[in-house]
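As a plain string of letters, each chain reads:
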Amino acid sequence: MEEWVGKQWHRFIARAASREQAHAAVQLDEMQRAIGMLFRAAGGAAAVRVAPASDTRTGGPRDWLQRIAGSGTHAAIGRLEPEVLSLPPTLAVFDDLALNRALYLWLAALAASHESTGDWVGDNLRATAVALQRFPGLVSRHRELVLAHLSQRPDSGRLRGAQAQAERLVRQALHGQLPGGHSALTPQDVAPVWLWLDVQAAAAPAVSRPDSDSDEPEAGQTRAPADSRRRRRAETVTDERDRAPLMMFFRAESILSWGEFIKVNRASDDDPDSDASRVADDMDVLAIAPDGQTTASRVKFDLDLPSAAADDRPLGPGEVLPEWDWRKQTLLRGHCSAQTLVAVPAQPFVPPVALRSTARRVRRRLEILRAGRGRLRAQTDGDDIDLDAYVRYQVEGRASRQAGRSESPPVFLRQVQSERSLATLLLADLSLSTDAYATPDARVIDVIRDALYVFGEAMHASGDPFAMLGFSSVRRQNVRMHHLKGFDEAWGAVTRDRVGAIKPGYYTRMGAAIRLATRRLQTRPERQRLLLILTDGKPNDLDIYEGRYGLEDTRHAVQAARAAGLTPLCITIDDQAHDYLPMLFGQNGYVMVHRPQDLVHRLAAIHARFMRAALH
């Protein structure tokens, strides 16, 4: 009973002390697409993602209700970091729904105009001027936001000391007056300034585990809910436990016995705290220290490269490839080393009966599009009468006949020789993540194998040249390109056995794989050259190739492929693909297959669209 009363009281007092306008609340999920478009249109980095911000400590006075409720000390304010634009998950600042929506868009425009110098007030004021210059249409809306926000801010006349001085400085800046000199004011010194961004976190070094892999979930795991993906601030600290292991901060005389010292890392050896996410939300800054262990070392046995005797057979010498470093804005020449490998299957690949039946149906559909003789309708001369064109001419051409009958009406069919000049290279992601189960009965690698088999059968029937490559990687020195079928090879038992022998590899250095595939495809003489990339996740590798670095390099490789005259298209089964693929391939440069089991049919159907467009 006491616990129930306590919960009801907390709910009541928290609601009474809240200053949010719940009836005019706007969710970040509703505005995320518009925010991303405006941010990038204003010149923001394409690889910066939008994420919900976590609560951080703020300053400013609190009224008596907030003191009783223990609220008003934290708020989710906007923050700009090198890889993430963190915005409040919900905005209910103003009483007007339109103003809350406009605030989201204003923060996006402000983030794209920000250049951090460490002066929170001065940086936001200069960014405001740049954003208003870039988007004159935001001037009137920004004025409304400023007036509405000033009416909510504390009265500096009722404050004392440093609080009053800080509030006067913020009000002066909101009116557009730049304070003289460098201001040491921080977001923690004043009440939340909803029209500004906190960019101090941008200067903090990113904390990562050495040789860590990506943040993608492992096989059998599920993705974290949206709330746990909130962006939190972190700082690097040093683990002092190894500095002086025998240093004792108590009197040695109190020790009655001496036992063998055993180091126990309680943070990782004990059972995980089921309430850890709530504790993290309550912390202003997460202190992160290396624990001496790495993800790579824990799975090193599985990820070590096989011996030469057990590995696939190298096919020709290796190739060096460049890589784009977005931090230096430089293309690093010869940074990656790629080796093409060809599998030696232990046994022939025998597809199941149901898969062979599916391949026959898809092959028959693509045989119809095989280049050959075609017919042009509604011609002024030809070999036969086009009945549809004749009826249309009789019905719709009455007015034209009254003016004068045409000597050559467009009512004939003409036989022509249709041609299609299309070459396709299919690049399949064979990383370790494909070992996860896509359906209750099949892994991702099984779905990809079936799709490659059906695609090969269908392309063989179409008569168009095509090639297949798989790829995975272990750091930049070992980009493994698996040769499945070349342009000069016929589709038959040998190539089918290679497809049947594919297995999960290592990591996903997608930029290097796309560059090598571009080299192969751009040598083809066909007028249209299609590069299909089949994947199940975002780029990552053991070294720094993750996060924004991997995305920027892949994006640069895709742009280079387009500049070479290729048409890159990504086909993915990742349910989070909308978060990053538009930045890599553009809004129309990727296809998301929501049900992995549909990939077998969708892959051939997508290619059939290009075949129809290539006919002339």
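Residues numbered from 1 in each chain as written. Predicted model: local features only at pLDDT ≥ 70, side-chain atom pairs only at ≥ 80, totals over all residues. Heavy atoms only, no water.

In this section: the overall build of the protein. For the protein, the count of helices and strands is 20 helices and 21 strands. Expressed as a percentage of its 616 residues, the buried residues of the protein come to 44%. A separation threshold of at least 6 residues defines the contact pool for the protein, and within that pool the share at least 24 residues apart is 74%. Carbon together with sulfur atoms contributes 52% to the accessible area of the protein, which is approximately 33,100 Å² in total. (Helix = DSSP H or I, 4+ residues; strand = E, 2+ residues; numbered from the N terminus. Buried < 20%, exposed > 50% of the residue type's maximum accessible area, 1.4 Å probe, protein only. Contact = heavy atoms within 4.5 Å. Areas by Shrake-Rupley, 256 points an atom, 1.4 Å probe, with all protein chains shown as cover.)

Right, let's talk about the nonpolar core for a bit. Core analysis: the biggest nonpolar cluster contains 50 residues, and L85, L87, L103, W196 and L197 have the highest contact counts within it. Listed by contribution, the elements that provide at least two residues to this core are α2 (28-41), β6 (84-87), α4 (97-112), α5 (120-134), α6 (139-152) and α7 (161-174). Filtering out sequence-adjacent residues up to four positions away, W196 remains in contact with G78, L107, L110, W120, V121, N124, V170, A173 and L174. If you look at the next biggest cluster of nonpolar residues, it comprises 43 residues, including A359, L422, L452 and L532. (Core = buried A, V, L, I, M, F, W, Y, C linked by side-chain atoms within 4.5 Å.)

Our next topic: the pairing of strand β20 (residues 566-572). Taken across its seven residues, β20 has six buried, putting it largely inside the fold. Pairing between strand β19 (residues 528-535) and β20: seven bridges, direction parallel. Bridge pairing links L534 to I571 in β20. Viewed along the sheet, the connection from β19 through helix α18 (residues 547-563) into β20 turns out right-handed. Pairing between β20 and strand β21 (residues 590-592): three bridges, direction parallel. Directly across from C570, in β21, lies its bridge partner Y590. (Pairing = 2+ DSSP bridges. Right-handed = clockwise from strand over helix to strand, strands pointing away.)

Let us look at helix α15 (residues 444-462). If you check α15, its first and last C-alpha atoms are 27 Å apart, about what 19 residues at 1.5 Å a residue would give, namely 27 Å. Of all 19 residues making up α15, 17 are buried, and the element is well covered by its neighbours. (Expected span 1.5 Å × (residues − 1).)

Residues other than glycine seldom take positive phi values, yet Q329 does so here, at roughly 55°. When you line up the elements, Q329 lands in the loop between β11 (319-325) and β12 (330-342). Residue R475 is not a glycine yet carries a positive backbone phi of 65°. Mapping R475 onto the fold places it in the loop between β17 (466-473) and β18 (479-485). By relative accessible area, R475 is classed as partly exposed at 27%.

Structurally, N540 can be placed in the loop between β19 and α18. Among the polar contacts made by the side chain of N540, one reaches the main-chain carbonyl oxygen of K538 at a distance of 3.2 Å. (Polar contact = N/O pair within 3.5 Å; in protein donor to acceptor, adjacent residues only side chain to side chain.)

Let's shift gears to the pattern of salt bridges. Tallying each qualifying case throughout the model produces 24 salt bridges. With a closest N to O distance of 3.1 Å, R496 and E457 form a salt bridge. Within this pair, whereas R496 is found in helix α16 (residues 493-500), its partner E457 is found in helix α15, the two being separated by 39 residues in sequence. On the accessibility criterion, R496 (25% relative accessible area) is partly exposed. Between R548 and E552 there is a salt bridge, with the nearest N and O atoms lying 3.2 Å from each other. A residue pair is termed a helical-turn pair when its members lie 3 or 4 positions apart in one helix, as R548 and E552 do in helix α18 at four residues. Residue class for E552 comes out buried when judged on its relative accessible area of 8%. Linked by salt bridges that have partners in common, E323, R509, D541 and D543 make up one network. (Salt bridge = Lys/Arg side-chain N within 4 Å of Asp/Glu carboxyl O.)

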